[in-house]
Amino acid sequence: MSDEIKNEQECTHDCSTCGANCSSRESNPADFRAPMNKFSNIKRVIGIVSGKGGVGKSFVTSMLASIMQKRGRKTAVLDADITGPSIPKAFGVKGPAYADDDGVVPAVTASGIRLMSVNLLMDQEDMPVVWRGPVIAGTVKQFWSDVIWGDVDYMFVDMPPGTGDVPLTVFQSLPLDGIVIVTSPQDLVSMIVGKAVNMAKMMNIPILGIVENYSYLTCGHCGEKLSVFGESHIEEVASKYETRVLAKLPIVPAAAGLVDKGMVEEVSMPELDEMIETIENQMALA
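Analysis parameters
- Residues numbered from 1 in each chain as written.
- Predicted model: local features only at pLDDT ≥ 70, side-chain atom pairs only at ≥ 80, totals over all residues.
- Heavy atoms only, no water.
- Phe/Tyr/Trp six-rings, centres within 6.5 Å; stacked < 30°, edge-to-face > 60°.
- Buried < 20%, exposed > 50% of the residue type's maximum accessible area, 1.4 Å probe, protein only.
- Helix = DSSP H or I, 4+ residues; strand = E, 2+ residues; numbered from the N terminus.
- Polar contact = N/O pair within 3.5 Å; in protein donor to acceptor, adjacent residues only side chain to side chain.
- Contact = heavy atoms within 4.5 Å.
- Pairing = 2+ DSSP bridges.
- Axes fitted to C-alpha atoms, helices over the stretch in contact; angles between N-to-C directions.
- pLDDT = per-residue confidence, 0-100.
- Parallel < 35°, antiparallel > 145°, perpendicular 65-115°, else oblique.
- Nonpolar A, V, L, I, M, F, W, Y, C, P; charged D, E, K, R; others polar.
- Left-handed = near helix turned anticlockwise from the far one by under 90°.

1. Focus on the packing of aromatic side chains
So, point 1. A complete count under the given rule lists two aromatic pairs for this structure.
So, point 2. Ring geometry for Y154 against F156: centres 6.3 Å apart, planes inclined by 15 degrees, an arrangement best described as stacked. Each of the two residues, Y154 as well as F156, counts as buried.
So, point 3. Taking the centre distance of 5.8 Å and the plane angle of 45 degrees together, the rings of Y214 and F229 count as tilted. Within this pair, whereas Y214 is found in the loop between β9 (207–212) and β10 (217–218), its partner F229 is found in the loop between β11 (225–226) and α8 (234–240), the two being separated by 15 residues in sequence.

2. Here we look at unusual backbone geometry
So, point 1. Despite not being glycine, Y214 has its phi angle at roughly 55 degrees, a positive value.
So, point 2. The residue E242 is not glycine, and still its phi comes out positive at about 55 degrees.
So, point 3. For E242, the position within the fold is in the loop between α8 and β12 (245–248).

3. What about the side chain of S145?
So, point 1. Looking at where S145 falls in the secondary structure, it is placed in helix α5 (residues 133–145).
So, point 2. In this structure the side chain of S145 is engaged in a polar contact, spanning 2.6 Å, whose partner is the backbone oxygen of P35.
So, point 3. For S145, the residues in contact, after removing those within four places along its chain, are A34, P35, M36 and N37.

4. Section: the sheet that holds β12
So, point 1. One open sheet holds the eight strands; their spatial order is β5-β6-β2-β7-β1-β8-β9-β12, and the pairing between them is mixed. If you trace the sheet from one side to the other, it starts and ends with β5 (107–108) and β12, each paired once.
So, point 2. In this fold α5 packs onto β1 (40–49), β2 (75–79), β6 (114–116) and β7 (150–158), with an angle of close to 160 degrees to the strand it touches most, β2.
So, point 3. Strands β1, β7, β8 (178–183), β9 and β12 of the sheet are contacted by helix α10 (residues 273–283), whose axis makes an angle of about 175 degrees with β9.

5. Examining the pairing of β9
So, point 1. Among the six residues in β9, six count as buried, and that is most of the element.
So, point 2. By the bridge criterion, five bridges tie β8 to β9 in an arrangement that is parallel. Opposite I179, over in β9, you have I207 as the bridge partner.
So, point 3. As defined by bridge partners, β9 adjoins β12 across three bridges and the pair is classed as parallel. Looking across to β12, one finds that I210 is bridged to V245.

6. Let's talk about the environment of D260
So, point 1. Relative to the assigned elements, D260 resides in helix α9 (residues 253–260).
So, point 2. In this structure D260 comes out as exposed when scored by relative accessible area, which is 56%.

7. A word on the confidence of the model for the protein
So, point 1. Residues at a pLDDT of 70 or more form 88% of the protein, whose mean pLDDT is 85.
So, point 2. Per-residue pLDDT stays below 50 along residues 1–9; that stretch engages in six contacts with residues further than four places along the chain or on separate chains.
So, point 3. Segment residues 12–17: pLDDT under 50, and nine contacts once partners within four positions in sequence are set aside and those in other chains are kept.

8. Re the packing of helix α3 (residues 57–70) against α10
So, point 1. Where α3 contacts α10, the two axes come as close as 11 Å, and the packing angle between them is 70 degrees. Classified by the angle their axes make, α3 and α10 are roughly perpendicular. For the pair α3 and α10, contact is made by L64, I67 and M68 and by M275, I276, I279 and E280, respectively.
So, point 2. Within the contact of α3 with α10, the residues separate by chemical class into six nonpolar, no polar and one charged.

9. With respect to the packing of α5 against helix α6 (residues 165–173)
So, point 1. For the pair α5 and α6, the least separation of the axes is 9 Å and the interaxial angle reads 35 degrees. Where α5 crosses over α6, the two elements pack in a sense that is right-handed. Contacts from G133, P134, I136, A137, V140 and K141 of α5 reach α6 at D165, V166, T169, V170 and S173.
So, point 2. Class assignment for the residues of the contact of α5 with α6 results in six nonpolar, three polar and two charged.

Spelled out as structure tokens, the structure:
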């Protein structure tokens, strides 16, 4: 059997890990992935996405990182929402970040989560980021390549809403192991989720499932679950797009208060426990 035929039969179609010259390499699209910083060892990368803003995507990102860190995993958050960064405030972390000859050193939260956000590079956290798309996309890649992340079991990438430049850059440049789609119980939910699902499928990114935020409010007097934003149809939406519902999160005013104070790591959200188990099982870290 010729070496070329043998290589073709054993091919994984991942040209980034193979040096053989074969027809698969010739037909494989260009690899746009940015190089990882040489002092980083990141095992799993999960993107948190949404079709529109205002659904609590950054809150879900922060909670997943916090819970995973409490479970003994080394966790990091890359804030790719360059024009609307909120991760540092949720964790009560301020800049400026600093750099040495090896790269940029990430901020570290009270529980040890490493994070990087454009807000950590600004003189004032309320200064707007008035940059064009290519500059924003380049910044996201630099957060991956220039930041000294060290050993990380799970990195959560807080992505901006929609399907524009930055989500495309993350999908192409970072080695995503999967995405979580965050949404809310509103009439437009099916179309919005559909856009995120279809973009992920176009880019061959695995979809771990959907989180419905603001799903209900529990009455403090009688315990009844009130559908503040309308009745949920997330199960039907998940079925339509052949994915799963990972969690349905309630509206918890006390949690919002802790986030505003930069204490997201103090928030308890047991509704996410099963989702964390699902992610751990699906990622199967050694």
